[in-house]
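This is what each chain is made of:
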Amino acid sequence: MIILVVTIQSCNQNLSLQTFYVDNELAPGYTSLDVPVSMLNIDEEKLTAEQLEAYESVEKISMIAYVLESGNEAEMKSEYEEVKAILKDPKYEELMRGGNSTDGKFVVKCVGDGEDVDEFILLGNSNQTGFAVVRILGDDMNFNKLMKLTSVLDESSIEESQIRDITKFFK
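The residue numbers shown here count from 1 along each chain, following its written sequence. Residues qualify for local features only when their pLDDT is at least 70, as the model is predicted, and side-chain atom pairs are given and counted only at 80 or more; totals for whole chains, interfaces and linings, by contrast, use all residues. Side-chain calculation: all heavy atoms of the structure are included, whereas hydrogens and water are not.

A closer look at the sheet that holds strand β6 (residues 130-141)
To be explicit about the condition: Here a strand pair is declared whenever DSSP counts at least two bridges between the two strands. Under the DSSP-based scheme used, a helix requires at least four consecutive residues in state H or I and a strand at least two consecutive residues in state E, with every element numbered from the N terminus. Each axis is a line fitted through C-alpha atoms, taken for helices only over the stretch in contact, and angles between the N-to-C directions span 0 to 180 degrees. Any two residues whose heavy atoms approach within 4.5 Å at even a single point are treated as in contact.
With respect to topology, six strands assemble into an open sheet ordered β1-β2-β6-β5-β4-β3, the strand pairing being antiparallel. Looking at the sheet topology across the chains shown, the edges are occupied by β1 (30-36) and β3 (93-100). If you compare each strand with its neighbour and ignore which way they point, the axes differ by 10 degrees on average. Pairing geometry for β1 and strand β2 (residues 58-67), over seven bridges, is antiparallel. By the bridge assignment for β2, Leu-33 is matched with Met-63. In the packing of helix α3 (residues 49-57) onto the sheet, the strands contacted are β2 and β6, and the crossing angle to β2 comes to about 65 degrees. The strands that helix α4 (residues 73-86) touches are β1, β2, β5 (116-126) and β6; relative to β6, the one it contacts most, it runs at about 25 degrees.

Given below as structure tokens:
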């Protein structure tokens, strides 16, 4: 009886962000990318103690994007609404939102609280290119400390091919 209950519990039919990624990473219209933080080629010697702590808390950056093409507007809208529905789950705490209805909007959410965040999610859409979900995965991450890493990323020697899909999408 216990095995039956455990089996039924494990077959949860609720769609999660992870299952969305797995189900769509090779689907037509989608492009996906996983970047281990080590590929960012950041010189740890030049980081402040706070930046180093933030950098070491990140394990991986994952992106899945739906690329808008002529004729797939309705499908893109449906897929985008599916992701928004997933992110309405109370476990995703909203941190920030912005943008406008002309160019596109974005929302930043997290799983965890304060100093103990295991995942940050950026959902952004562009009326010209489609939408993307970027997940920053790690342990005990802090949003404010991660924001201080942005200047370091601008100076790092990231090979364009490593994150070409992310930068191409957001141009």
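Here the narrative resumes, following the displayed structure.
A short note on the pairing of β5
Rules: Under the scheme applied here, a residue whose accessible area is under 20% of the maximum for its type counts as buried, over 50% as exposed, and between as partly exposed, the area being computed with a 1.4 Å probe on protein chains only.
Burial runs high along β5: eight of the 11 residues are buried. The pairing of strand β4 (residues 104-113) with β5 spans eight bridges and is antiparallel. Bridge pairing in β5 places Cys-110 opposite Phe-120. In terms of strand pairing, β5 meets β6 through nine bridges, oriented antiparallel. Residue Asn-125 lies in a different strand from β6, and its bridge partner there is Phe-131. Remark: three residues form the turn of the hairpin made by β5 and β6, two consecutive strands paired antiparallel.

A short note on the pattern of salt bridges
We apply this condition: We count a salt bridge whenever a side-chain nitrogen from Lys or Arg sits within 4 Å of a carboxyl oxygen from Asp or Glu.
This structure, assessed with the given rule, holds four salt bridges. Residue Lys-84 is joined to Glu-81 by a salt bridge in which the shortest nitrogen-to-oxygen separation is 3.4 Å. Remark: Glu-81 and Lys-84 occur in helix α4; sequence separation between them is three residues, near one turn of the helix. With its nearest N and O atoms 2.7 Å apart, the salt bridge here joins Arg-97 to Glu-94. Judged by its relative accessible area of 35%, Glu-94 falls in the partly exposed class.

Details of the nonpolar core
To keep it simple, the criterion reads: Joining through side-chain atoms within 4.5 Å is the link that ties buried Ala, Val, Leu, Ile, Met, Phe, Trp, Tyr and Cys residues into a set, and such a set is a nonpolar core.
Membership of the largest hydrophobic core comes to 21 residues, with the highest contact counts inside it found for Leu-146 and Leu-149. Looking at this core, the element that brings in the most residues is β2, giving four residues. Beyond its immediate sequence surroundings of up to four residues, Leu-149 is in contact with Leu-47, Gln-51, Ala-54 and Tyr-55. In terms of nonpolar packing, the next biggest core, distinct from the first, is built from 18 residues, Phe-20, Leu-68, Leu-87 and Phe-131 among them.

Quick notes on unusual backbone geometry
In this model, Asp-140 sits at a positive phi of 50 degrees, which is unusual for a non-glycine residue. Within the element layout of this structure, Asp-140 appears in strand β6. Under the relative-accessibility criterion, Asp-140 is labelled partly exposed at 48%.

Description of a negative patch on the surface
Inclusion rule: Patches here are clusters of residues that have more than 30% relative accessible area and form no salt bridge, with a 9 Å joining cutoff for like charges and a 5 Å cutoff for nonpolar side chains (Val, Leu, Ile, Met, Phe, Trp, Tyr). Here, Shrake-Rupley sampling with a 1.4 Å probe gives the accessible areas, and only protein chains in the shown set may cover a residue. The charged-residue count follows a simple rule in which Lys and Arg add positive charge and Asp and Glu add negative charge, with His and chain termini not counted at all. Charge positions come from single atoms, namely NZ of Lys, CZ of Arg, CG of Asp or CD of Glu.
A cluster of acidic residues, Glu-59, Glu-93, Asp-113, Glu-115, Asp-116, Asp-118, Asp-139 and Asp-140, forms a negative patch at the surface. Elements supplying a minimum of two residues to the negative patch: β5 and β6.

Section: the confidence of the model for the protein
Note the threshold: For every residue, the predictor reports its confidence as pLDDT, a number between 0 and 100.
A residue-level look at the protein finds 80% of positions with pLDDT of 70 or above and a mean pLDDT of 82. For the stretch residues 4-10, pLDDT sits under 50, and the model shows zero contacts to residues farther than four places along the chain or on other chains.

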